[in-house]
Amino acid sequence: MPANRLLLPVANPDTADRLLETAINIARDRSLEILVLSVVTVPMQLSLEQARRDLDIADRRTLVADVAERARSDGLEASGRIRFARTVASAICGVTAAEPVSTILLGWRGRPRRQDVVLGSHIDGVLADAPCDVLVERLDEGPTEVSSILVPVAGGPNTELAAEVAGSLARAHEARVELVTVTAGRDEETVAEARDLLTRTAPALGAVEAVERTVLEGAVIETIVDRTARHDATVIGAAETGLLRRVLVGSVPETVGREADSTVVMAKRNEPVSQALWRRLRDRVRELR
């Protein structure tokens, strides 16, 4: 069965509307069904069977039904699930293993990092284990009308996924897109390589009426954060290399996600381990030439 569903975990009615808007924009553009999920976490002293039988989850059922109905009223196929599990991450990953899910959209409140936790224990777990693409949207009071979208470009499959998502959002809102990459210098060869990277990334946007390609010089994080103030939304790919936590998010996307002056969506492409290792080996060989 082809992976044709976008999984939308919801827990709070106050944030479900914002996530649903993004989910609808992406699902419509990619011809995906929306699968709304609410996870009921069960403490160890209670069996899952007892929880299913005894816990009052009327509010969860109402939330899932309402979100799915709003998606259907917008012309999309949508259904809902309630899942009982020990952790939110295990429930979400379990659903993706059992259902034809291609993409998960998670909400993130942008809280300060805790020791050994990057975005949050639930989100970190999903990013590490989900067998599909994962999008993380910062939930804030940002603009609901989107006229311009920033896509920081670093290369690799996560940047490509970020561009694809930005293209979906741009078509939904008739927005312009700026692809931007940051260099440490302005010599001719460095700028030429940066412009080539932007040119290779642009096709992932798909059909977008207005696309600007910009090469900037400076400190990467500060330069990108400053640039976000010019846009209503920023879509950025997860880091491509480094230790486990930096593979999941990375210092640049994480910091941009916390400090940007616009709505932020972080994107992580699912790659089979063998494919990812081969790509990194190939890129390393290129660097040594």
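Residues numbered from 1 in each chain as written. Predicted model: local features only at pLDDT ≥ 70, side-chain atom pairs only at ≥ 80, totals over all residues. Heavy atoms only, no water.

## Observations concerning the nonpolar core
Leu8, Ile34 and Ile149 are the most contacted members of the largest nonpolar core, which has 49 residues in total. Sequence-distant contacts of leucine 8, defined by excluding residues within four places in its chain, comprise Leu19, Leu20, Ala23, Ile34, Leu35, Val36, Leu37, Val67 and Leu105. Grouped together as the second largest cluster of nonpolar side chains are 30 residues, Ala91, Val134, Val225 and Val256 included. (Core = buried A, V, L, I, M, F, W, Y, C linked by side-chain atoms within 4.5 Å. Buried < 20%, exposed > 50% of the residue type's maximum accessible area, 1.4 Å probe, protein only. Contact = heavy atoms within 4.5 Å.)

## Regarding the environment of threonine 96
Take threonine 96: it is sitting in helix 4 (residues 88-98). Once residues within four sequence positions are removed from consideration, threonine 96 is found in contact with Leu7, Val101, Ile104, Pro131 and Cys132. (Helix = DSSP H or I, 4+ residues; strand = E, 2+ residues; numbered from the N terminus.)

## Some points on unusual backbone geometry
In the Ramachandran plot, serine 31 falls in the positive-phi region, its phi being about 60° despite a non-glycine side chain. Counting through the fold element by element, serine 31 comes out in the loop between helix 1 (13-30) and strand 2 (33-41). We classify serine 31 as exposed; its relative accessible area is 63%. If you check the backbone angles, glutamate 174 has positive phi at about 55° while not being a glycine. Looking at the element boundaries, glutamate 174 is found in the loop between helix 6 (157-173) and strand 7 (176-183).

## Remarks on the pattern of salt bridges
One side chain can pair with another of opposite charge once the charged atoms of both are near each other. Tallied over the full model, the rule gives 16 salt bridges. Where arginine 5 meets glutamate 99, a salt bridge forms, and the shortest distance between an N and an O atom there is 2.5 Å. Placement of arginine 5 in strand 1 (residues 5-9) and of glutamate 99 in the loop between helix 4 and strand 4 (101-108) is noted, with a sequence separation of 94 residues between them. For arginine 5, a relative accessible area of 16% gives the class buried. Each of Arg30, Asp133, Glu160, Glu164 and Arg269 takes part in one network of salt bridges that share partners. (Salt bridge = Lys/Arg side-chain N within 4 Å of Asp/Glu carboxyl O.)

## Looking at helix 7 (residues 188-201)
Its 14 residues place the ends of helix 7 20 Å apart at the C-alpha level, agreeing with the 20 Å of an ideal helix rising 1.5 Å per residue. The set of residues buried in helix 7 consists of Val191, Ala194, Leu197, Leu198 and Thr201. Looking straight down helix 7, one finds that the buried residues subtend no more than 120° of arc, so they occupy a single side. The exposed set on the far side of helix 7, more than 90 degrees from its buried face, consists of Glu188, Glu189, Glu193 and Arg200. (Expected span 1.5 Å × (residues − 1). Arc of directions from axis to C-beta.)

## What about the packing of helix 8 (residues 220-228) against helix 10 (residues 251-259)?
Where helix 8 meets helix 10, the closest approach of the two axes is 10 Å, and the angle between their N-to-C directions is 35°. The way helix 8 lies across helix 10 gives a crossing that is right-handed. Across the interface between the two elements, Val220, Ile221, Ile224, Val225 and Thr228 of helix 8 pack against Ser251, Val252, Thr255, Val256 and Glu259 of helix 10. Classifying every residue of the contact of helix 8 with helix 10 by side-chain character gives six nonpolar, three polar and one charged. (Axes fitted to C-alpha atoms, helices over the stretch in contact; angles between N-to-C directions. Left-handed = near helix turned anticlockwise from the far one by under 90°. Nonpolar A, V, L, I, M, F, W, Y, C, P; charged D, E, K, R; others polar.)

## Comments concerning the environment of serine 147
For serine 147, the position within the fold is in the loop between strand 5 (133-138) and strand 6 (148-152). Here serine 147 falls in the partly exposed class, since its relative accessible area comes to 46%. The spatial distance from the C-alpha of serine 147 to the C-alpha of alanine 233 is 8.6 Å, given a sequence separation of 86 residues. Excluding anything up to four places from it in sequence, serine 147 contacts Ala175, Arg176 and Asp232.

## What about a negative patch on the surface?
Judged by side-chain charge, Asp187, Glu188, Glu189 and Glu193 come together as a negatively charged surface patch. With respect to the element layout, aspartate 187 can be found in the loop between strand 7 and helix 7. According to the relative accessible area criterion, aspartate 187 is partly exposed, its value standing at 41%. (Patch = residues over 30% accessible without salt bridge, like charges linked within 9 Å, V, L, I, M, F, W, Y side chains within 5 Å. Areas by Shrake-Rupley, 256 points an atom, 1.4 Å probe, with all protein chains shown as cover. Lys, Arg positive; Asp, Glu negative; His and termini not counted. Charge placed at Lys NZ, Arg CZ, Asp CG, Glu CD.)

## Some points on the confidence of the model for the chain
Per-residue confidence for the chain averages 84 on the pLDDT scale, and 84% of its residues sit at or above 70. When the criterion is pLDDT under 50, residues 114-118 qualifies, and its contacts beyond four places in sequence or with other chains add up to ten contacts. When the criterion is pLDDT under 50, residues 274-279 qualifies, and its contacts beyond four places in sequence or with other chains add up to four contacts. (pLDDT = per-residue confidence, 0-100.)

## With respect to the side chain of aspartate 133
Mapped onto the elements of the fold, aspartate 133 is located in strand 5. Polar side-chain contacts of aspartate 133 include one of 2.8 Å to the backbone nitrogen of asparagine 270. (Polar contact = N/O pair within 3.5 Å; in protein donor to acceptor, adjacent residues only side chain to side chain.)

## A short note on the sheet that holds strand 3 (residues 78-85)
Across the sheet, which stays open at both edges, the ten strands sit in the order 3-2-1-4-5-10-9-6-7-8 with mixed pairing between neighbours. The open sheet is flanked by strand 3 and strand 8 (211-217), the only strands paired with a single partner. Within this sheet the neighbouring strands show an average axis-to-axis angle of 25°, counted without direction. Sheet topology note: the strand 5/strand 10 (residues 263-268) ladder contains four bridges and is antiparallel. Bridge pairing in strand 10 links valine 134 to lysine 268. Packing against the sheet, helix 4 makes contact with strand 1, strand 2, strand 3 and strand 4, and its axis sits at approximately 145° to strand 2. (Pairing = 2+ DSSP bridges.)

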